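Take a look at the letters that make up each chain.
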Amino acid sequence: MAGGGAVVANDGLPAADYGGRLTLSVLTTCLVAASGGLIFGYDIGISGGVSQMEPFLERFFPHVLARMAAAKRDDYCLYDSQALTAFTSSLYVAGLLASLVASRVTRAVGRQRVMLMGGALFFAGGAITGAAVNIAMLIIGRMLLGFGVGFTNQAAPLFLAEMAPTQWRGSLTAGFQFFLGLGVLIANLVNYATASISWGWRLSLGLAGAPAVLIFLGALFLTDTPSSLLMRGRAEDARAALLRVRGAGADVDAELEDIARAVEAARESEDGAFRRMATRREYRPHLVLAVAVPMFFQLTGVIVLSFFSPLVFRTVGFGSDAALMGAVIIGATNLGALMLSALVIDRYGRKVLFMVGGVQMIIAQVAIAWIMGAQIGKGGEAPMTRAYGVAVVVLTCIHTAGFGWSWGPLGWVVPGEIFPVDIRSAGQAMNVSIGLGLTFVQTQSFLSMLCAFKYATFAYYAAWVAVMTVFIALFLPETKGVPLESMMGTVWVKHWYWSRFVEPQGKSAEALT
């Protein structure tokens, strides 16, 4: 066995180093798993662009076109339609329902099979929405897409966190968000290319099947994670899987022993993971962060801007094609920021990126609110000059970049690495379900909020970013370079606040409840 040595965790305590290399096998494995983000990203990007295509609106939402043709209108309320937002938000109701059972399914059948299920469901949903002839077909198709998103978002981040070597875990886990951003960009490009075709909206919606085929076929060739295999009693397969991704020079036996100990502790209390996380004192920090991280992730405002950026750009005076091109620029900016994040996340750590991105988003959103308030006014009838419209696009790019190298990847990285193995599936399920639930609330309410709050909508999101930046500074410990199985003993026990809940390893669980 190769000697493991030791690395020093961020709080000065030693953490195990198993000598794993960045092998071709682990890169390929993580690449396929991260491509599950394409599914979510494509949907985020496609719905907003399709929602402002006139042939689509004429067929399904003619009342929106009638409002646009009115002689006098409030630009903030141009697209305020609960039926139109239901087209986007119905996916997230289904995703929420799927995520509520995804934890048990993932634990029972493994991460790899759940990704297969997600790809198949998403393919079916894309086919139905692309062929839709009425709103009912649109909603059914979107709900199948949602079931696919719910299962894939549960399994893929866990797969990445458990397969990646410790020293590259942040960069590889951030690959999920990178592919999500790539999916958004591809969707915006597709919308721009198909906008001038009368049936282009069908092509845009139907092409959702393409990333679904990619994740499905890729998952067929993946082995499951060692943690998942051990939890299902397949010890030899777990060792073979670990050896395959770590390389011959790694101390796979030492790492497997640590994983096995964590899995055995999880098996002894296999049932009631949600109850334990909610009631046991040592899991208090995990419970708080399982709620706070997805909540704050949504309240950055980026998700709804990604959905509705073409509609927002129409609000500030751009034509249809220009609004779609603005969405393409936003998608490209996000992708570039995600690439930068992947390069630095394991060098500078999680908290630095959170802080820098938070400050950047606050400045951009306050500036957008000021420009829209000064130019469009409270009534929404004053035309915005082209120069100020371009400034809104630039500031939206700045805001998106801040998200792209902070909350974008870290919203997936941090939940994937902070939970002990006995509550890992439950914690990730809570993270996904809260995120999808809030996505539904926001997508269903954003256009109405824009109509009611006007330019103050962006100040509202800026205030939330300020709150979450302070929260992260105070309550999130740095997890850079710490093996998953060492997290409890090397991170939480040294935190200024969470140490009162988490005792050093070795003390009885009973003493902690």
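Each value, and the rule that gives it
Residues numbered from 1 in each chain as written. Predicted model: local features only at pLDDT ≥ 70, side-chain atom pairs only at ≥ 80, totals over all residues. Heavy atoms only, no water. Helix = DSSP H or I, 4+ residues; strand = E, 2+ residues; numbered from the N terminus. Contact = heavy atoms within 4.5 Å. Salt bridge = Lys/Arg side-chain N within 4 Å of Asp/Glu carboxyl O. Buried < 20%, exposed > 50% of the residue type's maximum accessible area, 1.4 Å probe, protein only. Axes fitted to C-alpha atoms, helices over the stretch in contact; angles between N-to-C directions. Left-handed = near helix turned anticlockwise from the far one by under 90°. Nonpolar A, V, L, I, M, F, W, Y, C, P; charged D, E, K, R; others polar. Phe/Tyr/Trp six-rings, centres within 6.5 Å; stacked < 30°, edge-to-face > 60°. Core = buried A, V, L, I, M, F, W, Y, C linked by side-chain atoms within 4.5 Å. pLDDT = per-residue confidence, 0-100. Parallel < 35°, antiparallel > 145°, perpendicular 65-115°, else oblique.

Chemist: Please explain the side chain of Ser204 as it appears in this structure.
Modeler: Mapped onto the elements of the fold, Ser204 is located in helix α10 (residues 200-206). The residues contacting Ser204, other than those within four sequence positions of it, are Tyr42, Ile46, Val50, Met53, Val190, Asn191 and Thr194.

Chemist: Before we go on, may I ask you to explain the pattern of salt bridges in this structure?
Modeler: Pairs can form between side chains of opposite charge once their charged atoms are near each other. Counted under the stated rule, the structure contains 10 salt bridges. The residue Arg424 makes a salt bridge to Glu162 at a minimum N-O spacing of 3.2 Å. Placement of the pair is Arg424 in helix α22 (residues 421-453) and Glu162 in helix α7 (residues 135-163), with a sequence separation of 262 residues. Glu162 shares its class with Arg424; the two are buried. Arg350 is the partner of Glu417 in a salt bridge, and the nearest nitrogen-oxygen pair spans 3.0 Å.

Chemist: Help me out: how do you make sense of the packing of helix α2 (residues 37-50) against helix α9 (residues 175-194) in this one?
Modeler: Between α2 and α9, the least distance of the axes is 6 Å, while the angle of their chain directions is 30°. With respect to the hand of their crossing, α2 and α9 are arranged in right-handed fashion. Together, Gly37, Leu38, Phe40, Gly41, Tyr42, Ile44, Gly45, Ile46, Gly49 and Val50 of α2 and Phe176, Phe179, Leu180, Leu182, Gly183, Val184, Ile186, Ala187, Asn188, Val190 and Asn191 of α9 make up the contact between the two elements. Partitioning the contact of α2 with α9 into residue classes produces 14 nonpolar, seven polar and no charged.

Chemist: Could you clarify how one ought to interpret the packing of aromatic side chains in this entry?
Modeler: By convention here, two paired aromatic rings are described through the distance between centres and the angle between planes. Tallied over the entire structure, the rule returns 22 aromatic pairs. Taken together, a centroid distance of 5.2 Å and an interplanar angle of 70° make the contact between Tyr460 and Tyr461 edge-to-face. Here Tyr461 falls in the buried class, since its relative accessible area comes to 2%.

Chemist: What should I look at first to understand the nonpolar core in this one?
Modeler: In globular proteins that are soluble, nonpolar side chains generally tend to be buried together. Residues Phe56, Met115, Trp407 and Trp492 are the most contacted members of the largest nonpolar core, which totals 103 residues. Sorting elements by how many residues they give to this core places α7 first, with 10 residues. Counting residues in each nonpolar core, the second largest holds 14 residues, with Ile368, Ala369, Phe446 and Met449 among its members.

Chemist: Would you mind going over the confidence of the model for the chain with me for this structure?
Modeler: Reading predicted coordinates in detail is not appropriate for stretches of low pLDDT. On average, residues of the chain carry a pLDDT of 80, and 86% of them reach 70 or more. Mean pLDDT across the elements of the chain ranges from a minimum in strand β1 (residues 6-8), with 39, to a maximum in helix α23 (residues 456-475), with 92. Of the regions scoring below 50 in pLDDT, residues 1-15 engages in 34 contacts with residues more than four places distant in sequence or in other chains. Of the regions scoring below 50 in pLDDT, residues 506-513 engages in eight contacts with residues more than four places distant in sequence or in other chains.

Chemist: Is there a simple way to think about the packing of helix α19 (residues 350-375) against α23 in this case?
Modeler: Packed helices, taken two at a time, are described by the angle their axes make and the gap between the axes. Viewed as axis vectors pointing N to C, α19 and α23 meet at an angle of 165°, and their least axial separation amounts to 8 Å. Judged by the angle between their axes, α19 and α23 are roughly antiparallel. For α19 against α23, the interelement crossing comes out left-handed. Contacts from Lys351, Phe354, Met355, Gly358, Met361, Ile362, Gln365, Val366, Ile368, Ala369 and Met372 in α19 reach Phe458, Ala459, Tyr461, Ala462, Val465, Ala466, Thr469, Ile472 and Ala473 in α23. Residue composition of the contact of α19 with α23, grouped by class: 16 nonpolar, three polar and one charged.

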